[in-house]
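# Tertiary structure, described
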Amino acid sequence: MNDCIEIRNLIVFANHGVMPEEKTMGQKFMISMKLYNDMSQAAKTDDINKAVNYAEVCSFVTEFTKQNRCKLIEAAAENIANALLVCYPTLSRVDITLKKPWAPIGLPLDSVAVELTRKRHIVYIGIGSNMGDKQGYLDFAVKSLEESDVCNVRKVSRFIVTKPYGGVEQDDFLNGCIELDTVLEPKALLDLLHEIENKAERKREVHWGPRTLDLDILLYDDMVMHTDTLTIPHPEMAKREFVLSPLTEIAPYAYNPVARDYAVNMLERIKCNDNT
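It should be emphasised that the depicted structure is a prediction, and the values quoted were computed from it without experimental measurement.

## Section: the nonpolar core
Counting 31 residues, the largest nonpolar core has Met33, Leu35, Val57, Leu84 and Ile96 as its most contacted members. Secondary structure elements with two or more residues in this core: strand 1 (4–14), strand 2 (27–36), helix 3 (54–67), helix 4 (73–87), strand 3 (93–101) and strand 4 (111–119). With eight residues, the top contributor of residues to this core is helix 4. In contact with Ile96, not counting residues within four places along its chain, are Ser32, Met33, Ala77, Ile80, Ala81, Leu84, Val114, Glu115 and Leu116.

Now the structure itself:
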């Protein structure tokens, strides 16, 4: 999607900075934005209700920049970008340039600026529970994500009963899958999922053991990453029918860039192997 609205050099007087005089006296900032969204309906209908109102955006950014003070312009630009994505769900991406004219560094310069791009990410989350009120825990997870300012739940699969995986004797699971879009980067999203699990009193005592609530990032856009705490795509998803069955229900052509295959094909392969 290349459609975008470009706003250049919106002038805002705000109190961002490290120096005492910057915090107390304030200074001028210049903000440029590219707002990416599908303009086809607005262009066809000539209807302002189907467009992103750039006058409203300018007012929103002005007030937000004044009220949310930061030491660093990097942080200020990040906050503006995420606030726009949250406030305007039709935006798929925003490019922000935050310029600080006459930065107080004791040397002659015209300005210093930071540029960044933030976008909405499509993520699939596997959810499961095999302790207590299983349905209640899964409903709690969906509700917690729906109520988050930084996530939008798009689809939720049916919940299915599955046998436990991993050889630990325990009760059957109730499993499902969520499709959401989020402005969070993977590590921040993982932190949010752990926070929701902790509120459900999740204990991490036995590997592959029983749990009140389990939330796993299965796919995040087409990203491939591996750290000590997070691997995307989920390394076991291609082997697990209890993951692929609910995922296929809501997104049969969700693509795993490591397995190089779609969810529906991976599920069919597991079923064929089980029948041989």
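## Focus: the pattern of salt bridges
Tallied over the full model, the rule gives 14 salt bridges. One salt bridge connects Glu195 with Lys199, and the closest N-O pair in it is separated by 3.5 Å. A residue pair is termed a helical-turn pair when its members lie 3 or 4 positions apart in one helix, as Glu195 and Lys199 do in helix 6 (residues 186–199) at four residues. Classification of Glu195 as partly exposed rests on a relative accessible area of 42%. Judged by its relative accessible area of 58%, Lys199 is exposed. The shortest N-O distance in the salt bridge between Lys239 and Glu236 comes to 3.6 Å. The class for Lys239 is exposed, based on a relative accessible area of 54%. Ionic contacts of the salt-bridge type, sharing partners, join the residues Arg120, Arg154, Glu179 and Asp181 into one network.

Calculation notes
Residues numbered from 1 in each chain as written. Predicted model: local features only at pLDDT ≥ 70, side-chain atom pairs only at ≥ 80, totals over all residues. Heavy atoms only, no water. Core = buried A, V, L, I, M, F, W, Y, C linked by side-chain atoms within 4.5 Å. Buried < 20%, exposed > 50% of the residue type's maximum accessible area, 1.4 Å probe, protein only. Helix = DSSP H or I, 4+ residues; strand = E, 2+ residues; numbered from the N terminus. Contact = heavy atoms within 4.5 Å. Salt bridge = Lys/Arg side-chain N within 4 Å of Asp/Glu carboxyl O.

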